[in-house]
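Chain by chain, the residues run as shown.
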Amino acid sequence: MSLRRVIEDYIIKHPEEALEIEKEISIEYEITALAYLVENKAPLLLFKKIKDYQDFNIVSNVFSTKERIFSYFGYKNEEDFYNFWSYLNSVNLEYKIVKSKEAPVKEKIYTYSEVNLFSLPVPLHYPQDGGRYITSGIIVARDPENPKTVNLSFARMQLVSKNEIALSMHSRGHLWTYYLKAKKLEKDLPFSVIIGAHPLYYLLAASRIENEYSKVNGIIDDYLILGETNDIPVPANSEIVLEGKILWDRSYPEGPFTEYTGYLSNRSTNNFAIIDAMYMRKNPLYLEINPSNSKEHITLSSISKEPLIISTIRNFFQTFSTYKLEWPLKGVHYVLFGKIMNSAPGEAMQLALLSLGLDHYLKVVFMVEGDEELKLFNVLSSLLCWNKITVLEDVLCNKLDPSSNADGTSSKVIFIGKSLEKFKIKEKNEGIEIYRCGKKLNIGREIDNKAYINVLVGQDIDPSNEDEVLWALATRFQPKDDLIIEKDKITVRLDKRNFSAPKLPKEVLEKVKGLILPSRISF
């Protein structure tokens, strides 16, 4: 089954969740701007008239909500999808490669000197970015030491010339390992890039496992074919495929790019690749994944990882207690909220440690003993009733965390609180006060000496907005340096760091507002 078939079916079944743009739109900032304006409801976006790229349609927000992703597989709720995903990851089936020169994705083929990456509608997302970036490319590569092992990965890809791209493999996953193996052998690493395929391939690529193709058989109607210039298998029903090689002995100053943290990032592995072939359907559907800390970017990169972590914890954490874990969107992978009911002594800490151990992206874990709504102000105020705080130093983290150390390590913290009574919020000038269990939590720009907990935020953060405070906690907080614990006071400093966030031109935002049907979508 193809991506276009999935999109057609979704629009038919959920017309209220889709926005089809009939007017002409530019790939320079406008695609990103329109997605930004409708971020609240995040409808599926189908652009039907692309300036200077008349043969293409563009689709985005394919992965912007969990419910939308569930629907692609026939599920309506998280529990059923998570059970399906856990089962899928226990399956390893042989996959067949059809040796045929014909396939839907090979309706138009360009090789070597014919390749022109600029003929693809690759968006320019923000003026501050280093160039045009492919955000939806699944990189397929073989393990140089064990060629039967095939892996699907994500890496950001910047267009450099008609047949050259720069890459950053900063997630340090299987693709990075393959590259290091090839470099040790002083050989280039062959790879292919899938741009637009069934959502299953995208979820598998985000799972951080190997041999993802072994999970596909029997789930969707598709088959694999070999490339034009390499022997790497790709889905026959893809929209666009690139083929090339990552050079072992050459680098390129890739970036900056607006990453999932919501900031511009210059942190990059600075890899360089040559593209030898490009093939596609006659009228390709270009898949765009919105960058920065958009709902789509965060949801896609977490929805296939979370079930595996939860399933692993269930297998090893034997307890009569009930518990729930949530990775909030504005925590950008770095924050986990959890609650555990009727727990035995030490179980909350054990659950928190297990979560940290299984997910190296995590930096801040809140675990509440009791039935608490998993929102920032709830879990923060639970610390007023009772708390245990543990800071760990020099732990492996994701290098894109702007507050992390240059060597890829970070301090991390576990907050354990108790849900003993409801809290009350009082707004004040330049902040809010939260009262619970006879104590006060102050969130603002200045220390309140009467508060047991002070959370200090920068001038660009609204202290009353949970999402903004959570984003600052996730990206500007280094526990070892910014958490001050005294006998009768706790201070959390979120005001010491500020990083460069991208901005869209005002005139572009005003222009694309006219493309939105007010009766369908609000912003």
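In what follows, the structure referred to is the one given above.
Residues numbered from 1 in each chain as written. Predicted model: local features only at pLDDT ≥ 70, side-chain atom pairs only at ≥ 80, totals over all residues. Heavy atoms only, no water.

A look at unusual backbone geometry
For step 1, the next point in the chain: In the segment running from glycine 255 into proline 256, the intervening peptide bond is cis, with an omega of 0°.
For step 2, the next point in the chain: Structurally, proline 256 is set in the loop between strand E14 (240-251) and strand E15 (257-258).
For step 3, the next point in the chain: Its identity as a non-glycine residue notwithstanding, asparagine 61 has a phi of 65°, on the positive side.
For step 4, the next point in the chain: You can see asparagine 61 is positioned in the loop between strand E3 (57-60) and helix H3 (66-72).
For step 5, the next point in the chain: Despite not being glycine, arginine 208 shows a phi value in the positive range, around 60°.
For step 6, the next point in the chain: Take arginine 208: it is sitting in the loop between helix H6 (199-205) and strand E12 (224-225). (Helix = DSSP H or I, 4+ residues; strand = E, 2+ residues; numbered from the N terminus.)

Re the nonpolar core
Soluble globular proteins: nonpolar side chains tend toward being buried together.
For step 1, the next point in the chain: With 69 residues, the main nonpolar core has Val59, Phe63, Phe81, Trp85, Tyr201 and Leu203 as its most contacted residues.
For step 2, the next point in the chain: Beyond its immediate sequence surroundings of up to four residues, phenylalanine 81 is in contact with Phe70, Phe73, Tyr75, Leu203 and Ile303.
For step 3, the next point in the chain: If you look at the next biggest cluster of nonpolar residues, it comprises 55 residues, including Val38, Met169, Val193 and Ile275. (Core = buried A, V, L, I, M, F, W, Y, C linked by side-chain atoms within 4.5 Å. Buried < 20%, exposed > 50% of the residue type's maximum accessible area, 1.4 Å probe, protein only. Contact = heavy atoms within 4.5 Å.)

Overview of the pattern of salt bridges
For step 1, the next point in the chain: Enumeration over the complete set of coordinates arrives at 32 salt bridges.
For step 2, the next point in the chain: A salt bridge links aspartate 276 to lysine 245; the shortest N-O distance between them is 2.9 Å. Here lysine 245 lies in strand E14 and aspartate 276 lies in strand E17 (residues 271-280), a separation of 31 residues in the sequence.
For step 3, the next point in the chain: Counted as one network, the salt bridges with shared partners bring together Lys480, Asp481, Asp482, Lys496 and Arg497. (Salt bridge = Lys/Arg side-chain N within 4 Å of Asp/Glu carboxyl O.)

Quick word on the side chain of serine 136
For step 1, the next point in the chain: Structurally, serine 136 can be placed in the loop between strand E6 (133-134) and strand E7 (137-143).
For step 2, the next point in the chain: Here the side chain of serine 136 touches leucine 287 through a polar contact of 2.5 Å, landing on its backbone oxygen.
For step 3, the next point in the chain: Discounting chain neighbours no more than four positions away, the residues touching serine 136 are Ile194, Ile195, Tyr202, Leu287, Glu288 and Ile289. (Polar contact = N/O pair within 3.5 Å; in protein donor to acceptor, adjacent residues only side chain to side chain.)

Everything listed here is a matter of coordinates, which is why it stays silent on function.
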